[in-house]
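# Fold and geometry: a report
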Amino acid sequence: MTGHQMSGKDKIIDLKKSIRLEVVKFIAGCILFALMAACTIISAVLLVLNPGLDFPHGIWILAVGGVVLLWEMGRAFWVRSPLPEGYAAVSRADCPPLFSLIDEVAENLGVKLPEQIYVCPDASAAVFVMPGIQNLIRAPEDRYLVVGLGFLTQMDDEEIKSVLYHEFGHYVQAATDDSASVYVVGQFSRSFISGDKNEVSNIWQMNTCNQKLLFGYFALWICRNIRRKYSELSRQMEYDADDIAAGHVGREILQRTLVHAACIRYNFGMVRWGMKKLEAAGLCLEDFYQALSAVAGFSRPRMAFLKHGVIRRIERLGPLEVGPTASSVSWTVRDAVLGSGLISRIFPSCPDGGDTVLPVPEFVRWMEEGADIYCRHLQRMRSVKLEIHLDRRKHFLPLAEGIYDILIDGRSVGTGNFMKGYDIRKRISPGTHQLTVRVPGGIGIACDPFMFEACDGDTCRLDMDYRYEFKGTRYRVFVGSFSRTALRS
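Residues numbered from 1 in each chain as written. Predicted model: local features only at pLDDT ≥ 70, side-chain atom pairs only at ≥ 80, totals over all residues. Heavy atoms only, no water.

### Structural notes on the pairing of strand 15 (residues 474–486)
Our working definition: One requirement defines pairing of two strands: DSSP has to find at least two bridges between them. What counts as a helix is a DSSP run of H or I of at least four residues, what counts as a strand is a run of E of at least two, and both are numbered from the N terminus.
Where strand 12 (residues 445–447) and strand 15 come together, 3 bridges link them in parallel fashion. Directly across from isoleucine 445, in strand 15, lies its bridge partner tyrosine 475. Pairing analysis gives 12 bridges linking strand 14 (residues 458–469) to strand 15, with the strands arranged antiparallel. Note on strand 15: the bridge partner recorded for aspartate 463 is serine 481.

### Some points on the sheet that holds strand 14
This is how the line gets drawn: Here the axes come from fitting lines to C-alpha atoms, over the contacting stretch only for helices, and the angles between their N-to-C directions go from 0 to 180 degrees.
Ordered by their spatial adjacency, 5 strands build an open sheet running 10-7-14-15-12, and the pairing between neighbours is mixed. Across the chains shown, the open sheet's two edge strands, defined by having one partner strand only, are strand 10 (422–428) and strand 12. For this sheet, the mean inter-axis angle between neighbouring strands, taken without regard to orientation, is 25°. Inspection of the sheet shows strand 7 (residues 384–390) paired to strand 14 by 5 bridges, in the parallel sense. The partner of isoleucine 388 across the bridge, within strand 14, is leucine 462.

### Quick look at the packing of helix 5 (residues 157–173) against helix 9 (residues 251–280)
The description of two helices packed together rests on the angle between their axes and the distance between the axes. As a reminder, the rule being used: The labels follow the angle: roughly parallel below 35 degrees, roughly antiparallel above 145, roughly perpendicular from 65 to 115, and oblique for the rest. We call two residues in contact whenever any of their non-hydrogen atoms come within 4.5 Å of each other. Here the nonpolar group is Ala, Val, Leu, Ile, Met, Phe, Trp, Tyr, Cys and Pro; Asp, Glu, Lys and Arg are the charged ones; every other residue, Gly included, is treated as polar.
The geometry of helix 5 relative to helix 9 is characterised by a closest axis approach of 9 Å and an angle of 90° between their N-to-C directions. By the angle between their axes, helix 5 is roughly perpendicular relative to helix 9. From helix 5, Glu158, Glu159, Ser162 and Val163 reach across to helix 9, where they touch Ile253, Leu254, Arg256, Thr257 and His260. Of the residues contributing to the contact of helix 5 with helix 9, the split by class is 3 nonpolar, 3 polar and 3 charged.

Dropping the structure here:
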């Protein structure tokens, strides 16, 4: 067991070193691109001041490209992401029992209290930072905690304490130090790699944005490397934070918390689904969180609807022991939240006040039948198997890699690569869908949107193809063949 833990720690150390190396590459690349842009601008100015200099006149176009790049870098430098919608800062006076648990957990782990505590409407909890561009080179000092009303109104004190130990376990790991730099790289690069145009720009745009596009490809390469490594790191960090929590509250309580959290998230989605159905009929729910608690009496998610990561976290703690809840369970945090007015401030049931209010008991009776409908709805949303394939053995061009995103209905489902080929497998809902391709700025690759129809239980396969258009100096990506196979019982 000790050897396994040591190997996990060594893995974390190696992944952190690898991520930091990618961040260093990104910083060095930013400096080099900025210097290149400055050199082209200076060269153009010197050509104006000294017409006799033997500079190629094409330096004007490069200089304009340098101005565009530096302008975009400057804009990205000053971008600050706001707090997510629904986050509300709370003080000790709003919910003293919650802050008492936070004090206890922080003292036992030997970490300082968060700079600010937030409450949000969701069934979630997280530690986070408010990163700036300076966090590329130094760790953020201030850390924040957010806990969702979905947990605060449904969990007992021991379960909330387990959640807090897990989240504060990330403080012990200094996980936010690395996540801050990763977040900054992604934010800084967003304006360069989030182009949503599929058409190829005209010659003037291509030339004036040349340096920006080159930087976009560089940022895309760095971000993909970081994302791949950080996903593996974050998974291991979740396991380690679970171990910290289990060491303080016990394995059985942590397992119970993880299972309960999964049930709350599932029921939270179901009640929100039901609430939207009410809104379409001109009704609003009297008390969302009271309904969430009542629905939990008859609704349990199927194993297929649980995330694999959650199942793995529960299983690695040992055999799951399900028994009756102890009679000594304390609900002081829940009672304090319900009586504090936080719910009406953060997530009012009828914000507009114009709809007819539906009492909770009537909603719950309706949802007893609606639970099966919601379950079938989720199954249907994942009932179509989608396979997107490119066989690298059939192609010999381009001589350099072409990297791009594959999108279904505007959402990325995977990364395409000309030289390596790919097999992307996803599950989607029945109905009409559209496949497109996106690259930074839309330069170099064009794609005709492909519409296809998927029926419940189908397996849809799209074989991708591409060709190089010498006249347009671009690659055109398209669906070479489409097949749909219905599953047979």
